[in-house]
Amino acid sequence: MARVNTADERRFDTPKGSRGSRFRRGNPDKDRFGRFTEWVARAMGTPGFLLGLSVFAISWMAWNTFAPEPLRFDSIAIGFTALTLVLSLQASYAAPLILLAQNRQDDRDRVQIEQDRQRAERNLADTEYLAREVVALRLAVKDLASKDFIRSELRAVLEELDRKDDEEAADAATRS
């Protein structure tokens, strides 16, 4: 039977040994670990986690205190050393994960602050532009004729028209 070449086998830009590898060298989702650290930080800050950890520690101590001697795996005589080691291991991983999550939050806050600053600068520029436009409109309106000026001009024109009508009426009366 003839062998069918897949697209990966026909590529000439990669060495043969690295084709079709089950394990990728680069993580396609580079943010996965960061999201994991944030999940850990959120989970460890909940009452459920504290309650679960308390139940775990109490169960551990109760089992190693009241269980039959051959079933105990941590001695009360030496102060529950294994429990101390387990809790220390948990704390030694929790602290750096929480710090990583806080660093990611700080980075996001920094980006958000920069975006807010840019938005504020745009708003300020828009406000200054609108203020200049309002001033320009006020100056343009100031040069326009006011109501009183137009009324006085219309009255003067009406008086002139009335005077002309009176003169024409007087001329017509003298001619007849």
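Owing to the predicted nature of the structure, the values given are computational and were not obtained by experimental measurement.

The rules behind each value
Residues numbered from 1 in each chain as written. Predicted model: local features only at pLDDT ≥ 70, side-chain atom pairs only at ≥ 80, totals over all residues. Heavy atoms only, no water. Salt bridge = Lys/Arg side-chain N within 4 Å of Asp/Glu carboxyl O. Buried < 20%, exposed > 50% of the residue type's maximum accessible area, 1.4 Å probe, protein only. Helix = DSSP H or I, 4+ residues; strand = E, 2+ residues; numbered from the N terminus. Expected span 1.5 Å × (residues − 1). Arc of directions from axis to C-beta. Contact = heavy atoms within 4.5 Å. Phe/Tyr/Trp six-rings, centres within 6.5 Å; stacked < 30°, edge-to-face > 60°.

Asker: Help me get a handle on the pattern of salt bridges, residues and values and all.
Answerer: In this structure the tally under the stated criterion is 11 salt bridges. E69 is paired through a salt bridge with R72; the nearest N and O atoms lie 3.2 Å apart. Among the residues examined, E69 registers a relative accessible area of 58% and is labelled exposed. Residue R163 pairs with E167 through a salt bridge whose shortest N-O separation is 3.3 Å. Residue R163 and its partner E167 are located together in helix α4 (residues 147–175), separated by four residues, close to a single helical turn. The class for R163 is partly exposed, based on a relative accessible area of 44%. By relative accessible area, E167 is classed as partly exposed at 41%. One salt-bridge network, in which partners are shared between bridges, spans D31, R35, E38, R104 and R108.

Asker: Explain unusual backbone geometry to me, using residue names and the numbers behind them.
Answerer: One non-glycine residue with positive phi stands out, namely F80, at about 50 degrees. Tracing the backbone shows F80 in the loop between α2 (47–66) and α3 (81–143). For F80, a relative accessible area of 10% gives the class buried.

Asker: How would you sum up α2? Please name residues and give values.
Answerer: Between its first and last C-alpha, α2 extends 28 Å over 20 residues, near the 28 Å set by a 1.5 Å rise per residue. Turning to α2, its buried residues number three or more, namely A57, W60 and N64. Viewed along the axis of α2, the buried residues span an arc of 60 degrees, placing them on a single side of the element. Opposite the packed face of α2, turned more than 90 degrees from it, sit the exposed residues P47, L51, I58 and F66. Where α2 is buried, its residues touch α3.

Asker: Residues and numbers for the packing of aromatic side chains, please.
Answerer: What the rule picks out here adds up to four aromatic pairs. Ring centres 6.2 Å apart and planes at 35 degrees place the aromatic pair F33 and F36 in the tilted group. Of this pair, F33 and F36 both sit in helix α1 (residues 32–44), separated by three residues, roughly a single helical turn. By way of ring pairs, the aromatic residues F33, F36 and W39 are connected into one cluster.

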